[in-house]
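Coordinate inspection notes
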Amino acid sequence: MPLVRIDVNRGRSPERLRALSQTIHDAILAEYGIPVRDYFHVLTEHPQGQIVAQDAGLGFERTPDVVMIQIFTQAGRSQAAKQSLFAAIAANLAAAGVAGEDVFIGYVENTAGDWSFGFGRSQYVTGELEVPSK
């Protein structure tokens, strides 16, 4: 159940934005085996100049087509699994026309108690998975 934030500069069509999100979700599905409906993405477009993504001495430049991705998920996956996910996201985005240097991923881990999926409860801690009656 990763929560994925995707930040891009304005200029892509709504269909292109949906495709970026789906492409990233497809990589997570393939690499982590999560359920298809564990699809929680926030996609934000920014005016030109509001995303700064310099090369930090890595020897390459990014274009205005940069895709900044933040993945928030529960801890426990190996570094190899994370690297495999990063590679799958980059490969999927490359197939969708995003250059490798324009894929920037931040990965943030937490615990089951750090999530609430509704009703102000941490369902994984309380075990209260049912919807409360009105």
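These remarks concern the structure in this document. (Residues numbered from 1 in each chain as written. Predicted model: local features only at pLDDT ≥ 70, side-chain atom pairs only at ≥ 80, totals over all residues. Heavy atoms only, no water.)

Bridge count for strand E1 (residues 3-9) against strand E3 (residues 67-74) is six bridges, and the pairing is antiparallel. If you follow Val4 over to E3, its bridge partner there is Ile71. Pairing geometry for E3 and strand E4 (residues 103-110), over eight bridges, is parallel. By the bridge assignment, Gln74 is partnered in E4 with Asn110. As for the winding sense of the linkage, the β-α-β connection from E3 through helix H2 (residues 79-95) to E4 is right-handed. (Pairing = 2+ DSSP bridges. Helix = DSSP H or I, 4+ residues; strand = E, 2+ residues; numbered from the N terminus. Right-handed = clockwise from strand over helix to strand, strands pointing away.)

Below, the discussion takes up the packing of aromatic side chains. Taken as a whole and judged by the stated rule, the model has three aromatic pairs. For the pair Phe40 and Phe117, a centre-to-centre distance of 6.2 Å together with 40 degrees between the ring planes defines the contact as tilted. Linking Phe40 in strand E2 (residues 40-46) with Phe117 in the loop between E4 and helix H3 (123-126), this pair joins segments that are 77 residues apart in sequence. For Phe117, a relative accessible area of 38% translates into the label partly exposed. Pairing Phe86 with Tyr107 gives two aromatic rings, centres 5.9 Å apart and planes at 75 degrees, and the pair type is edge-to-face. Taken as a pair, Phe86 in helix H2 and Tyr107 in strand E4 lie far apart in primary sequence, 21 residues in all. (Phe/Tyr/Trp six-rings, centres within 6.5 Å; stacked < 30°, edge-to-face > 60°. Buried < 20%, exposed > 50% of the residue type's maximum accessible area, 1.4 Å probe, protein only.)

Before going further, it helps to examine the sheet that holds E4. Strand pairs in the sheet, formed through backbone hydrogen bonds, run parallel or antiparallel to each other. Strand order in this open sheet of four strands is E2-E1-E3-E4, and the pairing throughout is mixed. Strands with a single pairing partner mark the edges of an open sheet, and in this sheet they are E2 and E4. Taken over all neighbouring pairs, the strand axes of this sheet differ in orientation by 15 degrees on average, direction set aside. (Axes fitted to C-alpha atoms, helices over the stretch in contact; angles between N-to-C directions.)

Moving on to the pattern of salt bridges. Across all of its chains, the model carries two salt bridges by this definition. Across the salt bridge formed by Glu15 and Arg18, the nearest N and O atoms sit 3.7 Å from each other. Linking Glu15 with Arg18, this pair stays in helix H1 (residues 14-32), spanning three residues, or about one helical turn. In this structure, Glu109 and Lys82 form a salt bridge, with 3.1 Å as the shortest nitrogen-oxygen distance. One end of the pair, Glu109, is in strand E4; the other, Lys82, is in helix H2, and 27 residues separate them in sequence. Owing to a relative accessible area of 11%, Lys82 belongs among the buried residues under this scheme. (Salt bridge = Lys/Arg side-chain N within 4 Å of Asp/Glu carboxyl O.)

In this structure, Ile24, Ile69, Leu85, Ile89 and Leu93 are the most contacted members of the largest nonpolar core, which totals 21 residues. Going through the elements one at a time, E1, H1, E3, H2 and E4 are the ones with two or more residues in this core. Top contributing element to this core by residue count: H1, with seven residues. With residues up to four places along the chain from it excluded, the contact list for Leu93 reads Leu20, Thr23, Ile24, Ile69, Val98 and Val103. (Core = buried A, V, L, I, M, F, W, Y, C linked by side-chain atoms within 4.5 Å. Contact = heavy atoms within 4.5 Å.)

Take Asp26: it is sitting in helix H1. In this structure the side chain of Asp26 is engaged in a polar contact, spanning 2.7 Å, whose partner is the side chain of Gln22. (Polar contact = N/O pair within 3.5 Å; in protein donor to acceptor, adjacent residues only side chain to side chain.)

Residues other than glycine seldom take positive phi values, yet Phe119 does so here, at roughly 65 degrees. Its location among the elements puts Phe119 in the loop between E4 and H3. By relative accessible area, Phe119 is classed as exposed at 52%.

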